[in-house]
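Spelled out from the first residue to the last, the chains are:
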Amino acid sequence: MPEVTTPLLKLYAELVYNKAQRLTFDSSSPNGILLFRDASSIVVSYGNAILKHQVSAGADMYAAKYKGISLCMLLLTRALSGNYVNFGVF
């Protein structure tokens, strides 16, 4: 499972990384909301899958679980700090 999910999570983390404001959406634009919603659904799907995934005693816990969880946190941090959604209305 980590052979597929780790590159996918890295891809989404780079996609939502708003380095030097290269992705700019208007505060009322649905594009930013769609990007945020898609990124958060990836995090939720991975979280549900990793909770069901059992790791054997001899397996590497970092590669099997912790690396993906840290990538999810990175993706979530970048999605929240990318200014894609106007949180002032909540």
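Residues numbered from 1 in each chain as written. Predicted model: local features only at pLDDT ≥ 70, side-chain atom pairs only at ≥ 80, totals over all residues. Heavy atoms only, no water.

Looking now at the overall build of the chain. Within the chain, the regular secondary structure consists of three helices and zero strands. Going from N to C terminus, the chain has its helices and strands arranged as α-α-α. Viewed in the frame of its principal axes, the chain has a C-alpha envelope of about 50 × 25 × 15 Å. The burial tally for the chain puts 30% of its 90 residues in the buried class. Considering only contacts within the chain whose residues lie at least 6 apart along the sequence, 71% involve residues at least 24 apart. Of the roughly 6,000 Å² that the chain leaves accessible, carbon and sulfur atoms contribute 61%. (Helix = DSSP H or I, 4+ residues; strand = E, 2+ residues; numbered from the N terminus. Buried < 20%, exposed > 50% of the residue type's maximum accessible area, 1.4 Å probe, protein only. Contact = heavy atoms within 4.5 Å. Areas by Shrake-Rupley, 256 points an atom, 1.4 Å probe, with all protein chains shown as cover.)

Let's shift gears to the environment of Lys 10. Looking at the secondary structure, you find Lys 10 in helix H1 (residues 2-16). Along the chain, Lys 10 and Cys 72 lie 62 residues apart, while their C-alpha atoms are 8.8 Å from each other. Residues contacting Lys 10, with those up to four places away along its chain left out, are Lys 67 and Leu 71.

What follows deals with a nonpolar patch on the surface. Together, Met 61, Tyr 62, Tyr 66, Ile 69, Met 73, Leu 76, Leu 80 and Phe 87 make up an exposed nonpolar region whose accessible area comes to about 730 Å². Tracing the sequence through the fold places Leu 80 in helix H3 (residues 61-81). (Patch = residues over 30% accessible without salt bridge, like charges linked within 9 Å, V, L, I, M, F, W, Y side chains within 5 Å. Salt bridge = Lys/Arg side-chain N within 4 Å of Asp/Glu carboxyl O.)

Below, the discussion takes up H3. End to end, H3 covers 29 Å across 21 residues, agreeing with the expected 30 Å (1.5 Å per residue, within 8%). Along H3, the sharpest change in direction is near 30° and occurs at Lys 67. What H3 keeps buried is the set Ala 64, Lys 65, Gly 68, Leu 71, Cys 72, Leu 75, Arg 78 and Ala 79. In this structure, the buried residues of H3 make contact with H1 and helix H2 (30-52). Phi turns positive, to about 55°, at Asn 83, one or two residues after H3. (Expected span 1.5 Å × (residues − 1). Bend = angle between axes of the 7 residues up to and from the residue.)

In this section: the pattern of salt bridges. Across all of its chains, the model carries one salt bridge by this definition. Between Arg 78 and Glu 14 there is a salt bridge whose closest N-O contact spans 3.4 Å. Of the two residues, Arg 78 sits in helix H3 while Glu 14 sits in helix H1, which places them 64 residues apart along the sequence.

Once that is clear, we can look at the environment of Tyr 17. Its place among the elements puts Tyr 17 in the loop between H1 and H2. C-alpha of Tyr 17 to C-alpha of Leu 80: the two residues are 63 residues apart in sequence and 9.7 Å apart in space. Among all residues touching Tyr 17, those that are not within four sequence positions of it are Arg 22, Arg 78 and Tyr 84.

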